[in-house]
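# Structural overview
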Amino acid sequence: LLLIFLPLIFIVLGVLSGVSCYVAQKALVSSIDQTALAIGSEYSSRLQKDMEELVGNLEGIAAIDFVREGTDQERIVTVMADMKQRVGIFGTVAHIAPNGSAITSDRKLETYAERDYFKQALATKKMVATAPMMSKSLKKLVVILAVPVLNNGQVTGVLMGNVPLHRVGEML
């Protein structure tokens, strides 16, 4: 009798352990998917908040009277350099005149007339954030934030800050 039931017991135990393994695997995969979504959502929210803060720094400079007037380049460079150092995330910060000529926080003279984000900020009078792209000055992948500088509703320039992608990772 024992010889008859012993193989049957092994078969039943084998089937039960196979079913248990299958159910556990499905539950684990589902749990991992939910955890990954939650982590992704948290990182996305944190990154959005940090990017909004960076835009706020640029908009704060764009609201200063002498920046809106665009007449005192030395003071504009000083306030950009101070913000860049204080924030510690931007690779380059530049004040770009409507004709595309610019001065960076490092006092370098550049031209941005052909850059799409500059044209878009001028045309829309709204903030522009680019997809990751290669920086011409840093030779690194960056995200560019461009904020129009408005004086009585007229665009008097664009403030641009680029954020190297490795620093985006540090923000998380």
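The following paragraphs examine the structure supplied in this document. (Residues numbered from 1 in each chain as written. Predicted model: local features only at pLDDT ≥ 70, side-chain atom pairs only at ≥ 80, totals over all residues. Heavy atoms only, no water.)

## Describing the pairing of strand β6 (residues 141–151)
To keep it simple, the criterion reads: Three exposure classes are used, based on accessible area relative to the maximum for each residue type with a 1.4 Å probe and protein chains only: buried under 20%, partly exposed in between, and exposed over 50%. Secondary structure follows DSSP: runs of H or I at least 4 residues long count as helices, runs of E at least 2 residues long count as strands, and numbering of each begins at the N terminus. Paired strands, in this sense, are two strands between which DSSP finds at least two bridges.
Counting buried positions over the 11 residues of β6 gives 9, a clear majority of the element. Bridge count for strand β4 (residues 128–129) against β6 is 2 bridges, and the pairing is antiparallel. Bridge assignment links A129 to a residue of β6, and that residue is L145. Relative to β6, strand β5 (residues 133–134) runs antiparallel, the two sharing 2 bridges. Bridge assignment links M133 to a residue of β6, and that residue is V142. Connecting the antiparallel pair β5 and β6 is a turn made up of 6 residues, with K139 showing a positive phi of about 60°. Where β6 lies against strand β7 (residues 154–164), 10 bridges are found, and the strand directions are antiparallel. Within the sheet, the bridge partner assigned to V143 lies in β7 and is V163. Where β6 hands over to β7, the hairpin turn is made up of 2 residues, of which N152 adopts a positive phi near 55°.

## Focus: the pattern of salt bridges
Rules: What counts as a salt bridge is simple: a side-chain nitrogen of Lys or Arg found within 4 Å of a carboxyl oxygen of Asp or Glu.
Overall, the coordinates contain 6 salt bridges when judged by the stated rule. For the salt bridge of K49 with D50, the shortest nitrogen-to-oxygen distance reads 3.6 Å. Residue D50 is classed as buried on the basis of its relative accessible area of 16%. The residue E74 makes a salt bridge to R107 at a minimum N-O spacing of 2.4 Å.

## Section: unusual backbone geometry
At K125, a residue that is not glycine, the phi angle is positive and equals roughly 60°. Structurally, K125 is set in the loop between α4 (116–124) and β4. By relative accessible area, K125 is classed as partly exposed at 38%. At N152, a position not held by glycine, the phi torsion is positive, near 55°. Summarising the element assignment, N152 is placed in the loop between β6 and β7. For N152, a relative accessible area of 78% translates into the label exposed.

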